[in-house]
Amino acid sequence: MEGSPVRSAWRQRLRSSRWRLWAMLILLVVVMLVVLVFLASEYEETRDQAALEQDAETVANDIRSNLLHNVQTLQSLHSVAPSVDAWSAPAAEFLAQRREIVRLEWRDNARRLIAHRDSLYIPDLMSYFDRSQALPEMKIACDNALRQSGPAYSSSYFWPLSSGRGIEMIEMCLPVASEGKPAGFLVATYSLPGMLAELVNKEMLRGRGLGFSDADGTRLAMLSTLSGSRRNVTARAVLDLPGYTLMLQLQSLRQVRGLFPNVLTAMVGALSLALLSVLYLLGRDIRRRQRAELEVGRALAFRKAMEDSLVTGLRARDMDGRITYVNPAFCEMVGLSVEQLVGTGLPAPWWPPELVDEYQHRQQVRLAGKTMPREGHESVFTRPDGTRFPVLIIEAPLIDAQGQQTGFMGAIIDLTEQRRVEELNRASRERLQATARLTTVGEMASLLSHELNQPLAAIASYASGTLNLLEQPTPSDPLHAELAQAMRRIAEQAERAGRVIKSVADFVRRRERVREAVTPQSLVDAIQPLLSLLLNKHGIRLQIHIEPGCPPVLCDRTMVEQVLLNLARNGVQAMPQGDPPAHSGMRLLRIEVGQLRLHSGETSGGRARKIWVSFAITDHGQGLSPEVAEKLFTPFFTTRPEGMGLGLSLCRSVIEQHGGALTHEPACPRGTVFRFTLPGADPSTIIRS
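Just so it is clear, the structure is predicted and the values come from calculations on it, not from any experiment. (Residues numbered from 1 in each chain as written. Predicted model: local features only at pLDDT ≥ 70, side-chain atom pairs only at ≥ 80, totals over all residues. Heavy atoms only, no water.)

Asker: Could you give me a rundown of the overall build of the protein chain, with the residues and numbers involved?
Answerer: Looking only at helices and strands, the protein chain features 14 helices and 23 strands. Buried positions account for 37% of the 689 residues belonging to the protein chain. Across the protein chain, the fraction of contacts at a sequence separation of at least 24, relative to all contacts at a separation of at least 6, is 61%. Total accessible area on the protein chain stands at roughly 40200 Å², and carbon and sulfur atoms take up 57% of it. (Helix = DSSP H or I, 4+ residues; strand = E, 2+ residues; numbered from the N terminus. Buried < 20%, exposed > 50% of the residue type's maximum accessible area, 1.4 Å probe, protein only. Contact = heavy atoms within 4.5 Å. Areas by Shrake-Rupley, 256 points an atom, 1.4 Å probe, with all protein chains shown as cover.)

Here it is in structure tokens:
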């Protein structure tokens, strides 16, 4: 018994809650019914308005087509009545049939009046004002017609009549021609009220109001009006004439329909179905949204996992250059966290300090153009610890769901490993080229050594025998001493040639060679006698400059002398007779020797080198083209018909085996500089490599 009052209270509260729910549902139904009735009424009004607007367009089209028909009739009128005497009668007949036209004129090309006819329906048209008052509108219309090569209309103007009334009129000007030549203009003066009365279907205007107004809303002419009422419906249509635009205004009474009593039952049923449909659609939409959110979550998780697994850095920026997104690979690349990067703008924290201005200008140019090269561009980044690394940046526009560009998405690739691989490949290619050069030169050296040893030995023997004969007592002869000196030189050069062949053979066979400390002056002096003969033959001066205090070089003397001689001979051959001319002062071969200081480092022989000596041979020939310079040290490549293409290749191999380098560069103002380096040594030093 004690629980019954509690249960009754709960039942009462539940019953009141149900009643409140039902009241809310009934109120909702009533509100929906009112809304439906209101919408139905608005629909009827909208339908009436649309129908009236369609009728207004029809009326405007009727007026437009009738005006076009009048233009065609006027054209035919001028073709059948080309003279003034023949023109008057057809013009009067035309005006009698066209009550909307109050005056018809024929004017010449200078707009002077030739003939005219007035409408019989307005006899006092020109009794109050002279025709000259309307000439400005007529001239404007004719100017437009001449420019358009067709009919043109003037703006409307008010024309007072003698009866105290007045009408709104416009001018239509039509260019005419006779036998292909301009014959003046036909000017038709239209009455706006007459256009409304004569050019419109009368059945369509029954019970309606019709009028013309200007573009700014000024009323110009009315055919009929309706009493001012809130139940009137008004529609407007544009009557766009060549040179002038009129607004056509059509009015009609709003129809009354008994909407509510007839459709109440249908509305209640439709409302119930609509509520059920809405609930069904709402539930389906909620389920679709849940599925879409689940799919979006999965897609985001997949995308994040994919972006986190990339080794390529990803970076998104807005249109102002501020970072909006980075992936872990980019953070690891630049050594900064996501919090340190997102939101930062220009200059970027990974730019090298000395390149900030250059990168800033480059980024501003790219962001202003809103386009990035698809092939990307290379740059240099720096980490907080100061290490720098090359990167390739590829950027593309970042487009949102509405098709608007919101920024740029960039992919950054670290090129450090690629550069290392390229350097290894380059070194491997150079080693292969050096090996190929040595192999080629070795084969040639073996052949030359075998073929030249015997003739050189014979030359040396003949020179020795001749010297023995010359040393016997002979009568006094002024040429005796010179002949003996020449034979000694022949014997010396034959012996030197033998040493050269032996050195080349040892060089290519990699036999043990003796390197000695040789002064640069002695190397130059050794080749100077042979070089002087060649220079005198071509009219070239020799200039030698050896830096004072230049240390000796550690080298194979014979091979280095051959390198100097070969480079000097190439310089002489680069300056043929007349190029450059003798008066230019550039027929000069210059040999320069100087000390070159480098950082300490370990050589292949295991000994530290601090001092190097540079040899430079400069000519003033035509120089080297890019194509020739690229293949200059290739075995068997030559630009001379008599050359074999082995000289420079052999020279480069000799210098490289001494630990130096042979290079070339353009000379100023013309020509080429060949430069090679040799290690410096103490004069008493001898090393066996």
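Asker: Explain the pattern of salt bridges residue by residue, including any values.
Answerer: Across all of its chains, the model carries 19 salt bridges by this definition. Residue Glu 105 is joined to Arg 107 by a salt bridge in which the shortest nitrogen-to-oxygen separation is 2.8 Å. Residue classification places Glu 105 among the buried positions, given a relative accessible area of 0%. A salt bridge links Arg 590 to Glu 592; the shortest N-O distance between them is 3.1 Å. Through salt bridges with shared partners, one network takes in Arg 103, Glu 105, Arg 107, Asp 118, Arg 131 and Glu 171. (Salt bridge = Lys/Arg side-chain N within 4 Å of Asp/Glu carboxyl O.)

Asker: Got a sec to walk through the sheet that holds strand 11 (residues 313-318)? Specific residues and values, please.
Answerer: Strand order in the open sheet formed by 5 strands is 12-11-15-14-13, and the pairing between neighbours is antiparallel. In this open sheet, the two edge strands, each paired with only one partner strand, are strand 12 (323-326) and strand 13 (377-382). Strand-to-strand, the axes of this sheet are offset by a mean angle of 30 degrees, without reference to chain direction. One ladder, built from 3 bridges, connects strand 11 with strand 12; its direction is antiparallel. What sits directly across from Arg 317, in strand 12, is Ile 323. (Pairing = 2+ DSSP bridges. Axes fitted to C-alpha atoms, helices over the stretch in contact; angles between N-to-C directions.)

Asker: Which residues make up the pairing of strand 10 (residues 244-253), and what values go with them?
Answerer: Counting buried positions along strand 10 gives 8 out of 10 residues, so the element sits mostly inside the fold. As paired strands, strand 9 (residues 232-241) and strand 10 are joined by 10 bridges and run antiparallel to one another. When the sheet's bridge partners are listed, Arg 236 is paired in strand 10 with Gln 249. Hairpin connection between strand 9 and strand 10: a loop of 2 residues separates the two successive antiparallel strands, and Gly 243 in this loop has a positive phi of roughly 95 degrees.

Asker: Hey, could you go over the packing of helix 11 (residues 520-538) against helix 12 (residues 557-573) for me, with residue numbers and the actual values?
Answerer: Running from N to C, helix 11 and helix 12 cross one another at 25 degrees; their axes reach a closest spacing of 9 Å. As summarised for this structure, helix 11 and helix 12 are arranged roughly parallel, according to the angle between their axes. Between helix 11 and helix 12 lies a crossing whose hand is right-handed. Along the contact surface, helix 11 presents Ser 522, Leu 523, Ala 526, Ile 527, Leu 530, Leu 531, Leu 534, Leu 535 and His 538, while helix 12 presents Arg 557, Val 560, Glu 561, Leu 564, Leu 565, Ala 568, Arg 569 and Val 572. A class-by-class count of the residues in the contact of helix 11 with helix 12 yields 12 nonpolar, 2 polar and 3 charged. (Parallel < 35°, antiparallel > 145°, perpendicular 65-115°, else oblique. Left-handed = near helix turned anticlockwise from the far one by under 90°. Nonpolar A, V, L, I, M, F, W, Y, C, P; charged D, E, K, R; others polar.)

Asker: Account for the nonpolar core, with residues named and values stated.
Answerer: Counting residues in each nonpolar core, the largest one holds 46 residues, and the members touching the most others are Ile 63 and Phe 212. With 9 residues, helix 1 (residues 4-80) is the largest single contributor of residues to this core. Once you skip the residues sitting within four places of it in the chain, Phe 212 turns out to touch Ile 63, Leu 192, Met 195, Leu 196, Thr 218, Arg 219, Leu 220, Ala 221, Leu 239, Leu 246, Met 247 and Leu 248. By size, the runner-up hydrophobic cluster in this structure holds 37 residues, among which are Val 524, Val 553, Ala 568 and Val 628. (Core = buried A, V, L, I, M, F, W, Y, C linked by side-chain atoms within 4.5 Å.)

Asker: Please provide a residue-by-residue account of helix 11, values included.
Answerer: Here helix 11 contains 19 residues, and its C-alpha end-to-end distance of 25 Å stays within 8% of the 27 Å for a straight helix at 1.5 Å per residue. Of all the bends in helix 11, the greatest reaches close to 45 degrees and is centred on Gln 528; the proline Pro 529 follows between one and four positions later. Taken together, the buried positions of helix 11 are Pro 520, Ser 522, Leu 523, Val 524, Ile 527, Leu 531, Leu 535 and His 538. At the C-terminal side of helix 11, Gly 539 shows a positive phi close to 65 degrees. (Expected span 1.5 Å × (residues − 1). Bend = angle between axes of the 7 residues up to and from the residue.)

Asker: Just give me the short version of the packing of aromatic side chains, but keep the residues and values in it.
Answerer: For the coordinates displayed, the defined rule picks out 5 aromatic pairs. When the centroid spacing of 6.1 Å and the interplanar angle of 45 degrees are considered together, the rings of Trp 87 and Trp 106 count as tilted. Taken together, the positions of Trp 87 in helix 2 (residues 84-97) and Trp 106 in strand 1 (residues 101-107) put the pair 19 residues apart, joining distant regions of the chain. An identical accessibility class is assigned to Trp 87 and Trp 106; each is buried. With a centroid separation of 6.3 Å and an interplanar angle of 80 degrees, the aromatic rings of Tyr 157 and Trp 159 are classed as edge-to-face. An identical accessibility class is assigned to Tyr 157 and Trp 159; each is buried. Seen from the ring of Tyr 121, Arg 99 lies directly overhead, with NZ or CZ sitting 4.1 Å from the centre. The residue whose ring lies beneath Arg 652 is Phe 633, and the NZ or CZ to ring-centre distance is 4.8 Å. (Phe/Tyr/Trp six-rings, centres within 6.5 Å; stacked < 30°, edge-to-face > 60°. Lys NZ or Arg CZ within 6 Å of the ring centre and 35° of its normal.)

Asker: Can you explain helix 3 (residues 135-148)? Please cite residues and give values.
Answerer: With 14 residues, helix 3 should reach 20 Å at 1.5 Å per residue; the first-to-last C-alpha distance of 20 Å fits that figure. For helix 3, the full list of buried residues reads Met 138, Ala 141, Cys 142, Asn 144 and Ala 145. Looking down the long axis of helix 3, one finds its buried residues gathered within 160 degrees of arc, a one-sided arrangement. Turned more than 90 degrees away from the buried face of helix 3 sit Ile 140, Leu 146 and Arg 147, all of them exposed. If you follow the buried residues of helix 3, they end up packed against strand 1, strand 3 (152-153), strand 5 (166-178) and strand 6 (181-191). At the exit of helix 3 stands Ser 149, carrying a positive phi of roughly 55 degrees. (Arc of directions from axis to C-beta.)

Asker: Go over the sheet that holds strand 7 (residues 209-213), please, and point to the residues and values.
Answerer: One open sheet accounts for 4 strands, arranged 8-7-10-9; its pairing is antiparallel. Strand pairing shows two members of the sheet lacking a second neighbour, strand 8 (219-224) and strand 9, which therefore form its edges. When strand polarity is set aside, the average angle formed by the axes of neighbouring strands in this sheet is 20 degrees.

Asker: Describe the environment of Leu 534, and please don't skip the residues or the numbers.
Answerer: Structurally, Leu 534 can be placed in helix 11. Sequence spacing of Leu 534 and Val 572 is 38 residues, and the spatial spacing of their C-alpha atoms is 7.8 Å.

Asker: Could you give an account of unusual backbone geometry, naming the residues involved and the relevant values?
Answerer: Leave glycine aside and you will find that most residues have negative phi; peptide bonds, for their part, are mostly trans. Geometrically, the link from Asp 579 to Pro 580 is a cis peptide bond, its omega value of 0 degrees lying close to zero. Counting through the fold element by element, Pro 580 comes out in the loop between helix 12 and strand 19 (588-602). At the junction of Cys 668 and Pro 669, the peptide bond is cis and its omega measures out at 5 degrees in the coordinates. One can find Pro 669 in the loop between strand 21 (662-666) and strand 22 (672-679).

Asker: Would you mind going over the packing of helix 12 against helix 14 (residues 647-657) in detail, with residue names and values included?
Answerer: Here helix 12 crosses helix 14 at 140 degrees, and the two axes come no closer than 10 Å. For the element pair helix 12 and helix 14, the recorded crossing hand is left-handed. Across the interface between the two elements, Met 559, Val 563, Asn 566, Leu 567 and Asn 570 of helix 12 pack against Gly 647, Leu 648, Cys 651, Val 654 and Ile 655 of helix 14. Residues that form the contact of helix 12 with helix 14 fall into these classes: 7 nonpolar, 3 polar and no charged.

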